[in-house]
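Fold and geometry: a report
Below, each chain spelled out in residue letters.
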Amino acid sequence: MHKVRVVIPAKDEDIYLINIINCLNQQDFQDFEILVADSSNTDIVKNICSQSKIVTVHGGLPSEARNNGAADFTGGYLLFLDADVSFNNKFIQNAIFQLNASGADCMSFGFISENSSPLINLIHWVGTIIFSFMSKIGIAHGIGGAILVKNEIHQLIQGFDEFIYIAEDHNYVAKAAKIGKYVFNRNLKVKLSTRRFKKEGVLLLCLKYFVIGIHRLVIGEIRHKKIPYFEIKT
């Protein structure tokens, strides 16, 4: 049994999935297994995973996919990653060290852009500051693109809420913070894809994030489909 299970939801991914598998294969820390939760309409993800001898399970929306990927794991840590993130070869090693050094049970990470655009870089910097501030005042925020959690905490909070349509990642870390210690680690960063900005436009996507945040603070979790979902594949 590996110490860590890396769970990656994927939908019709190709180059991004190949890239993150390469990132994982180059990690200094190697005591982990990879499991991909596939919700594709084609065989592309299964073929990529088969070539790399990676197990796939049924996917769905991110909450269901992550829960399916975490099912039956009895090791120590779960690392939830989006297929389109990337990181350096010491990321898992440093993430586990910093989680334990801080006494945390759940940790998510700062984020930077894969794009060199000053505007998009500024948006990511502001987002990191907001997530850090909100988490410090007791309103836990974290990107689903990279969450490290002790397996026992994942089990205690019964995983991700599969009835939440958007922002299930914020809800997940908030649940973890209620029964354990949650840390948003802005210093250890992952690199995010900018494909959603390219698809929806910078202003529209920022507006969508703002509406989601206000909805969660004022009304509650989003359990309807009035706000268009962020497709994993663009």
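For the structure itself, look to the data block above.
My aim in this report is to walk through the structure given alongside it, one point at a time. Just so you know, the residues in each chain are numbered from 1, in the order the chain's sequence is written. Given that this is a predicted model, residues contribute local features only at a pLDDT of at least 70 and side-chain atom pairs are listed and counted only at 80 or more, while totals for whole chains, interfaces and linings are drawn from all residues. Hydrogens and waters are ignored; side-chain quantities use all the structure's heavy atoms.

Quick notes on the packing of aromatic side chains
Put simply, the rule is: Here a Phe, Tyr or Trp ring, Trp counted by its six-membered ring, pairs with any other such ring whose centre lies within 6.5 Å, and the pair is stacked when the planes are under 30 degrees apart, edge-to-face when over 60, and tilted otherwise. Helix numbering and strand numbering both begin at the N terminus, where a helix is a DSSP run of H or I of at least 4 residues and a strand a DSSP run of E of at least 2. Burial classes follow relative accessibility: with a 1.4 Å probe on protein chains only, a residue under 20% of its type's maximum area counts as buried, one over 50% as exposed, and anything between as partly exposed.
This model, assessed by the stated rule, comprises 7 aromatic pairs. Here the aromatic rings of F80 and Y172 are separated by 5.9 Å at their centres, their planes lie at 80°, and the arrangement is edge-to-face. Note that F80 is positioned in strand β4 (residues 77-81) and Y172 in helix α7 (residues 168-179), a separation of 92 residues in sequence. The same class applies to F80 as to Y172, namely buried. Both rings, one in F91 and one in F109, keep their centres 5.1 Å apart while their planes meet at 70°; by these two values the pair is edge-to-face. On the criterion of sequence distance, the pair formed by F91 in helix α4 (residues 91-101) and F109 in strand β5 (residues 106-113) is long-range, its members being 18 residues apart. Take F91 and F109: they sit in the same class, and that class is buried.

Notes on the pairing of β4
What counts here: In this description, strands pair whenever DSSP reports at least two bridges between them.
Counting buried residues along β4, 5 of its 5 residues qualify, which places the element largely inside the surrounding structure. Neither face of β4 is left uncovered, since the one carrying Y77, L79 and L81 and the one carrying L78 and F80 both have all their residues buried. In this sheet, β4 lies alongside strand β1 (residues 4-10) in parallel orientation, the contact comprising 4 bridges. If you follow V6 over to β4, its bridge partner there is L79. In this structure, β4 lies alongside strand β6 (residues 146-150), joined through 5 bridges in antiparallel fashion. Note on β6: the bridge partner recorded for L81 is A146.

Details of helix α2 (residues 44-51)
So the rule is basically this: Think of the arc as the fan of directions from the helix axis to the C-beta atoms. Whether two residues are in contact is decided by their heavy atoms: any pair within 4.5 Å suffices.
What α2 keeps buried is the set V45, I48 and C49. Each buried residue of α2 sits inside an arc of 95° when the element is viewed along its axis, so together they form one side. In this structure, α2 carries S50 and Q51 as exposed residues pointing more than 90 degrees from its buried face. Check the buried side of α2 and you find it contacts β1, α1 (15-25), β2 (32-38) and β3 (55-58). Positive phi appears at K53, one or two residues downstream of α2, with a value of about 55°.

Looking at α7
Condition: Take the number of residues in a helix, subtract one, and multiply by 1.5 Å to get its expected span.
Taking 1.5 Å as the rise per residue, α7 with 12 residues should run 16 Å; its terminal C-alpha atoms sit 17 Å apart, in good agreement. Regarding α7, the residues found buried are E168, D169, H170, N171, Y172, V173 and A176.

Brief notes about the pattern of salt bridges
Rule in force here: By definition, a salt bridge exists where a carboxyl oxygen of Asp or Glu is found within 4 Å of a side-chain nitrogen of Lys or Arg.
Going through the model one piece at a time under the given rule, you end up with 11 salt bridges. Between K46 and D38 there is a salt bridge, with its nearest N and O atoms 3.1 Å apart. Note on D38: relative accessible area 6%, which makes it buried. Within the structure, one salt-bridge network assembled from shared partners comprises E13, D84 and R195.

Overview of the nonpolar core
What counts is decided by this rule: Among buried residues, those of type Ala, Val, Leu, Ile, Met, Phe, Trp, Tyr and Cys that are joined through side-chain atoms within 4.5 Å constitute a nonpolar core.
Within the largest apolar cluster, 57 residues are counted, with the highest numbers of intra-cluster contacts made by V6, I8, L24 and L81. With 6 residues, strand β7 (residues 182-192) is the single largest residue contributor to this core. Each residue touching V6, except ones within four places of it in the same chain, is listed here: L24, F32, E33, I34, L35, L79, L81 and I92. Counting 7 residues, the second-largest nonpolar core is a separate cluster that includes Y165, I166, I222 and I227.

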